[in-house]
Amino acid sequence: MCIKEPKDIFFSGYRAPSIIRQKENIYTLPDYDFMKKVMNLGGTPKELMKSQKLLEMFILIIRNDFKILENYKYKERKNKMECNVSVLNGKQDDIKLEEILAWKNHVSKEVKIYNFEGNHFFINTNVEKITNIINNTLTY
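Residues numbered from 1 in each chain as written. Predicted model: local features only at pLDDT ≥ 70, side-chain atom pairs only at ≥ 80, totals over all residues. Heavy atoms only, no water.

### Remarks on the sheet that holds strand S2 (residues 84-90)
The sheet built from 3 strands is open, its strands ordered S1-S2-S3 with parallel pairing. Each end of this open sheet is capped by a strand with a single partner; those strands are strand S1 (8-12) and strand S3 (111-116). Across this sheet, the average inter-strand angle for adjacent strands is 15°, counted without regard to direction. Across 5 bridges, the pairing between S1 and S2 is parallel. By the bridge assignment for S2, Asp8 is matched with Asn84. (Pairing = 2+ DSSP bridges. Helix = DSSP H or I, 4+ residues; strand = E, 2+ residues; numbered from the N terminus. Axes fitted to C-alpha atoms, helices over the stretch in contact; angles between N-to-C directions.)

What follows is the structure, encoded as structure tokens:
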């Protein structure tokens, strides 16, 4: 079986994997407290909290996303990623430039960094620009 390796990978609003993150483990909180923390981060529509049906559909998905992130343990590897990497980031996010630049330690090919106006949820106000970057990158 032949597995095709990617030529390009995109990361959005995320530090390099080797950067140790502060862990709060909010995924273990009761539903109300958990969703209150999620809502305080911004980027989640308020309608989600107003609709019990929507909340029931999405809370497990959101909680599992946080569980994965909060339990991740970096393991150093000899081999670097053999593809180009594009890192998309909001200028007002709390991720420091050196935490983004550290992606270069994990990639043997090109690393491109794109900074957009906005916070961690910059993607919501930059959809067209991001779509153009992805399309241009994948059609070279």
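### What about the packing of aromatic side chains?
Counted by the stated rule, this structure contains 3 aromatic pairs. Taken together, a centroid distance of 5.6 Å and an interplanar angle of 90° make the contact between Phe34 and Phe66 edge-to-face. In this pair, Phe34 sits in helix H1 (residues 31-41) while Phe66 sits in helix H3 (residues 52-71), placing the two residues 32 residues apart along the sequence. A relative accessible area of 0% means that Phe34 is categorised as buried. Since its relative accessible area comes to 18%, Phe66 is described here as buried. (Phe/Tyr/Trp six-rings, centres within 6.5 Å; stacked < 30°, edge-to-face > 60°. Buried < 20%, exposed > 50% of the residue type's maximum accessible area, 1.4 Å probe, protein only.)

### A closer look at the pattern of salt bridges
For the structure shown, the criterion picks out 5 salt bridges. Between Arg15 and Asp94 there is a salt bridge; the shortest N-O distance is 3.7 Å. Taken as a pair, Arg15 in the loop between S1 and H1 and Asp94 in the loop between S2 and helix H4 (97-101) lie far apart in primary sequence, 79 residues in all. Glu117 is the salt-bridge partner of Lys91, the closest N and O atoms lying 3.1 Å from each other. Remark: Glu117 occurs in the loop between S3 and helix H5 (127-138) and Lys91 occurs in the loop between S2 and H4; sequence separation between them is 26 residues. The partly exposed category is assigned to Lys91, whose relative accessible area is 47%. The exposure class assigned to Glu117 is partly exposed, which follows from its relative accessible area of 48%. Each of Arg15, Asp94 and Glu99 takes part in salt bridges that share partners, so that together they form one network. (Salt bridge = Lys/Arg side-chain N within 4 Å of Asp/Glu carboxyl O.)

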